[in-house]
Amino acid sequence: LPMKHWTAQSCLINFGDGVRQHWYGPDSHLRGLAGIDHHRHAQGMADAALRLGYDGGGFLNLVYPNADLAGAGPEDLPTFHHFTDKDIVFMRSDWSGDESLLGFICGPPLGHRALRFYTNEVGGGHMNPNAGSFQLFAYGQRLISGDGYFYKRTEYQNTVLVDGVGQFGD
């Protein structure tokens, strides 16, 4: 979500099986990515999460320290991005922290790469039949949202049923 609207209970757009806040992280996870890829934006996001009171990683931050890497804000990132493996698209009006945000998902639950390696469902029951669903955050609130951690049925997702029939995995 836009950073100005982060709360302890709501800071994520969650497609699929998940809650709207961080259980562990995001600071330690982001520092791990920053350490692997020397990604200044991941380091900057980890720093911002700590400033906003998200210290979910705690001791894990000791595992991924990278004090030599200066963090960067998101301002120079594009406001549109397509994550091709799961076919998730995020569009923002800007990076002000108070922006509008639209997210759309239309790929397979585990991603295209996993489909090449697995013929069975390997998500342990944590995959949602939600291809074609979208979420909208604007004016400081969730205008259209997903179901979060709920029944894994297409009818509970923000997507279409065809002749009353849900998607594979329903």
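In this text, all values refer to a predicted model and were calculated from it rather than measured experimentally. (Residues numbered from 1 in each chain as written. Predicted model: local features only at pLDDT ≥ 70, side-chain atom pairs only at ≥ 80, totals over all residues. Heavy atoms only, no water.)

**Topic: the sheet that holds strand S2 (residues 88-92)**
Heads up, the rule is: By the convention used here, strands pair only if DSSP detects at least 2 bridges between them. Helix and strand assignments come from DSSP, with helices taken as H or I runs of at least 4 residues and strands as E runs of at least 2, each series counted from the N terminus. To obtain each axis, a line is fitted to C-alpha atoms, and for helices this fit is confined to the stretch in contact; angles are then taken between N-to-C directions over 0 to 180 degrees.
Taken together, the 5 strands give an open sheet; going across it, the order is S1-S2-S3-S4-S5, and neighbouring strands pair in antiparallel fashion. Either end of the sheet is taken by a strand with one partner, and the two such strands are strand S1 (80-83) and strand S5 (141-144). Along the sheet, successive strands turn relative to each other by an average axial angle of 15°, direction set aside. Of the pairings in the sheet, the one linking S1 to S2 comprises 4 bridges and is antiparallel in character. Considered in S2, the bridge of His 82 is made with Val 89.

**Details of the packing of aromatic side chains**
The condition that has to hold: Aromatic pairs are defined between Phe, Tyr and Trp rings, using the six-membered ring for Trp, whenever the two ring centres lie within 6.5 Å; interplanar angles under 30 degrees are classed as stacked, those over 60 as edge-to-face, and all others as tilted. To sort residues, take the accessible area from a 1.4 Å probe on protein chains only and compare it with the maximum for the residue type: under 20% means buried, over 50% means exposed, and anything in between is partly exposed.
Scanning the entire structure with this criterion turns up 2 aromatic pairs. Considering the side-chain rings of Phe 15 and Phe 90, the 6.2 Å spacing of their centres and the 50° angle between planes classify their relative orientation as tilted. Here Phe 90 lies in strand S2 and Phe 15 lies in the segment before helix H1 (27-37), a separation of 75 residues in the sequence. Relative accessible area serves as the criterion here: at 19%, Phe 15 is assigned to the buried category. What makes Phe 90 partly exposed here is its relative accessible area of 22%.

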